[in-house]
Amino acid sequence: MAPPAARRRPEAAALHYRVECADRHAHLFTVTLTIDKPAAQQRVSLPVWIPGSYLVREFAKNLQGLSATQGRRAALPEQLDKHSWRIDCVAGKPLVLRYQVCAYDHSVRTAWLDADRGFFNGTSLCLRVEGQTDRPHALEVVAPDPLAGHATWSCATALHALQVDAQGFGRYRAADYDELADSPVEMGAFWSAEFDVCGVPHRFVVAGATASFDGKKLIEDTRAICEAEMRFWHGDKVGRKGGPKPPHDRYVFMLNAVDDGYGGLEHRHSTALICTRRDLPQLGARKQPEGYTTLLGLISHEYFHTWNVKRLRPIEFARYDYGHENYTRLLWLFEGFTSYYDDLLLRRAGRLDDAGYLRLINKTINGVLQAPGRLVQSVADASFDAWVKYYRQDEQTPNSTISYYTKGALVAMCFDLTLRQEGKGSLDDVMRLLWQRSEGGPIAEADVAQALQTVGGRSYAQEIASWVHSTDELPLSDLLRAHGVATLDDPAQRAQELGLRVAEANGSVQVKVVLRGGAAEQAGLAANDEWIGIELPPARRGQPPQAWRIAKLDDLALYLGPHRKMTALVARDRRLLRLQLTMPEGLTTWRLFAKDPALLARWLAPV
Ligand SMILES: [Zn+2]
């Protein structure tokens, strides 16, 4: 469907962007921007980042050939810095800018164009017209001519349609630049379905699906998840006559299925997702692929952001600054709590059973406990540093920072289980209170502390200081036990035992990460080493040492037998090294199990 047309006759847009798929084989969009009433020294700029993905990405690197005309006169754009220009022109007389954008990144964050598919975010294609960003913006998406051997394209976006054809090409309207930047556009011969959730029209488009894709199943599950989330925030009467209204009047899921990829980016009325084709639901399958649960978790996560980060949001995001990093210490709440609820709401929507849910929590807990960086940075500091740490991962990342997604999810679980244990409601009540008090707007950490205090009947300052602002361990096992979940110790995997993350390929072991304080670090192994083999003392006196080439870490048990000490043979920068390595003993990981299912059900029960 085309999104519903705006009811009132809107203020005419003073800014008009015409987007053409100029050359699909060269991956080039052409954009023509008409500014009805420019300033005499009109500045324009392209964002350096896209909200939701906290890294300066310099989108202007893909912009080329900027030219400007006013009537018949050519105006000369002067480049001011890496992402902005000034055009010397006559004030108040229509100014036309024309440029191309190279679109060859199939992530959800930028833009893509080839013979099969087009996709773009406004942050990649649409220059900001300084001084006019709060005015209505019109976007015209031009239907490309069909290429020989390719199907006719359609166009999908959550923007309000002004005048579009049956395929969705034509003119759309955004209230301001923020809405334009927040409304990605998908083009191609995609699969599409519409459904209703609590009175709100939803659409799901899938690009890249194969013949085995079960669209009916995807819609059935997505609808259940959306409904659970609507009810989470607004109660059972949401969308009914006289009941509360959800904050959005339309929503579009845009999923791109590829051979290898995963991710999502949240928007106020839509989300762009990427997954592998193998994770899509399969027609006639008795059991869906394991990755399908991960995809449903992603859908649940991005949809939860409709409330938690796109409306309820850090005070620092009250107005985005598109030209610089926007720092906040609150991503543990906006990403971490969203990560807690994405899986919990799958459980509540009946898409997971208790055992399946515990498996997901178990994985999150072990991931955090196996990251030495949790003892280096708090989740609040990790949030502030996201721009240079979490989004710029390298071999030191696990040692120097902690994910505000995974530890943030465990912080949420600790708050939830503590409130429940003390008989004071739950974290659900805290989230709803935050929503009501802020009217779905910007909040500061003090608002979170106050909401916890109101719901919990006491100050949570100590927990916030310890769980959010320090590197103290979280009281996970005590809280889980109080809710019917016991923790067992399982032997650690070989890589974890050694304090390594490796890639095993082409018959050798490549060291990717050496974890802080582990046996591998003590032996002197380093990231990028190739671990070739091991040497052991002679079986009997007078015999040569035993030496083995290793291809997999799990083979160590085969060669070591009772030995704990070995010489690791390592290649580094073309040199061959002999490092003395001792296998540590007694390292374990956690295994969760439901010891008291009735108690557990009180926490996880579907609502
Ligand atoms: Zn997120």
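Here is a short report on the structure shown in this document. (Residues numbered from 1 in each chain as written. Predicted model: local features only at pLDDT ≥ 70, side-chain atom pairs only at ≥ 80, totals over all residues. Heavy atoms only, no water.)

## Overview of the packing of helix α9 (residues 406-421) against helix α10 (residues 427-438)
Here is the rule we go by: To define axes, lines are fitted to C-alpha atoms, for helices over the stretch in contact only, and angles between the resulting N-to-C directions are given on a 0 to 180 degree scale. A run of H or I in DSSP counts as a helix once it spans at least four residues, and a run of E counts as a strand once it spans at least two, with each numbered from the N terminus. An angle below 35 degrees is treated as roughly parallel, one above 145 as roughly antiparallel, one from 65 to 115 as roughly perpendicular, and anything else as oblique. Only heavy atoms matter for contacts: two residues are in contact if any of them lie within 4.5 Å across the pair. Gly is placed with the polar residues, together with every amino acid not listed as nonpolar (Ala, Val, Leu, Ile, Met, Phe, Trp, Tyr, Cys and Pro) or charged (Asp, Glu, Lys and Arg).
Viewed as axis vectors pointing N to C, α9 and α10 meet at an angle of 110°, and their least axial separation amounts to 8 Å. When the axes of α9 and α10 are compared, the pair comes out roughly perpendicular. For the pair formed by α9 and α10, the contact residues are Ala412, Phe415, Asp416, Leu419 and Arg420 on the first element and Leu427, Asp428 and Val430 on the second. Partitioned by chemical class, the residues of the contact of α9 with α10 number five nonpolar, no polar and three charged.

## A closer look at the pairing of strand β16 (residues 185-188)
Rule in force here: Accessibility here uses a 1.4 Å probe with only protein chains present; expressed as a share of the type maximum, an area under 20% marks a residue as buried, one over 50% as exposed, and anything in between as partly exposed. A pair of strands is treated as paired once DSSP finds two or more bridges between them.
The two faces of β16 match: Val185 and Met187 on one face and Glu186 and Gly188 on the other face are all buried. Of the strand pairs in this sheet, strand β10 (residues 117-120) and β16 are connected by four bridges, and their pairing is antiparallel. Within the sheet, the bridge partner assigned to Phe119 lies in β16 and is Glu186. Sheet topology places strand β13 (residues 154-157) next to β16; four bridges connect them, and they run antiparallel. Paired with Ser154 across the bridge in β16 is Gly188.

## Brief notes about the pattern of salt bridges
Once their charged atoms are close, side chains differing in charge can pair, the charge on each being opposite to the other. Which entries qualify depends on this criterion: By convention in these notes, a salt bridge is any Lys or Arg side-chain nitrogen within 4 Å of a carboxyl oxygen on Asp or Glu.
Scanning all chains against the criterion turns up 30 salt bridges. In this structure, Asp221 engages Lys217 in a salt bridge whose closest nitrogen and oxygen atoms are separated by 3.3 Å. Placement of both Asp221 and Lys217 in helix α3 (residues 215-234) is noted, with a separation of four residues, approximately one turn of the helix. On the basis of relative accessible area, Asp221 is assigned to the buried category, the value being 2%. Between Arg516 and Glu521 there is a salt bridge, with its nearest N and O atoms 3.0 Å apart.

## A word on the environment of Gly297
Position of Gly297 among the secondary structure elements: in helix α4 (residues 290-304). Placed 233 residues apart in sequence, Gly297 and Glu530 show a C-alpha to C-alpha distance of 36 Å. Setting aside residues up to four positions removed in sequence, Gly297 forms contacts with Asp342, Asp343 and Leu346.

## Observations regarding unusual backbone geometry
Within the chain, Asn506 stands out as a residue other than glycine whose phi angle is a positive 55°. Tracing the backbone through its elements, the reader meets Asn506 in the loop between β25 (500-505) and β26 (508-514). For Arg574, which is not a glycine, the phi torsion comes out positive at approximately 70°. If you trace the backbone, Arg574 turns up in the loop between β29 (565-572) and β30 (575-582).

## Overview of helix α11 (residues 445-456)
In an α-helix, one turn spans 3.6 residues; hence positions three or four apart end up facing the same way. Here is the rule we go by: An expected span of 1.5 Å times one less than the residue number is assigned to each helix. The reported arc concerns the directions from the helix axis to the C-beta atoms and nothing else.
The first and last C-alpha atoms of α11 sit 16 Å apart over 12 residues, in line with the 16 Å expected at 1.5 Å per residue. Those residues of α11 that fall on the buried side of the exposure criterion are Val448, Ala451, Leu452, Val455 and Gly456. For α11, the angular spread of buried residues about the axis comes to 115°, placing them on one side. Phi turns positive one or two residues past the end of α11, at Gly457, with a value near 70°.

## Observations concerning the packing of helix α6 (residues 354-369) against helix α17 (residues 597-604)
Interhelical geometry of α6 versus α17 gives an angle of 75° and a closest axis separation of 11 Å. With respect to α17, the axis of α6 lies roughly perpendicular. Residues Asp354, Tyr357 and Leu358 of α6 touch α17, and the partners they reach there are Leu600, Ala601, Trp603 and Leu604. By residue class, the composition of the contact of α6 with α17 is six nonpolar, no polar and one charged.

## Observations regarding the sheet that holds strand β4 (residues 63-70)
What the eight strands build is an open sheet, ordered β5-β4-β8-β2-β1-β12-β15-β14; its pairing is mixed. The two strands at the open ends of the sheet, each matched to only one other strand, are β5 (73-75) and β14 (160-164). This sheet shows a mean twist of 25° between the axes of neighbouring strands, independent of strand direction. Pairing of β4 with strand β8 (residues 95-102), which is carried by five bridges, proceeds in the antiparallel orientation. Paired with Leu63 across the strands is Val101, a residue of β8.

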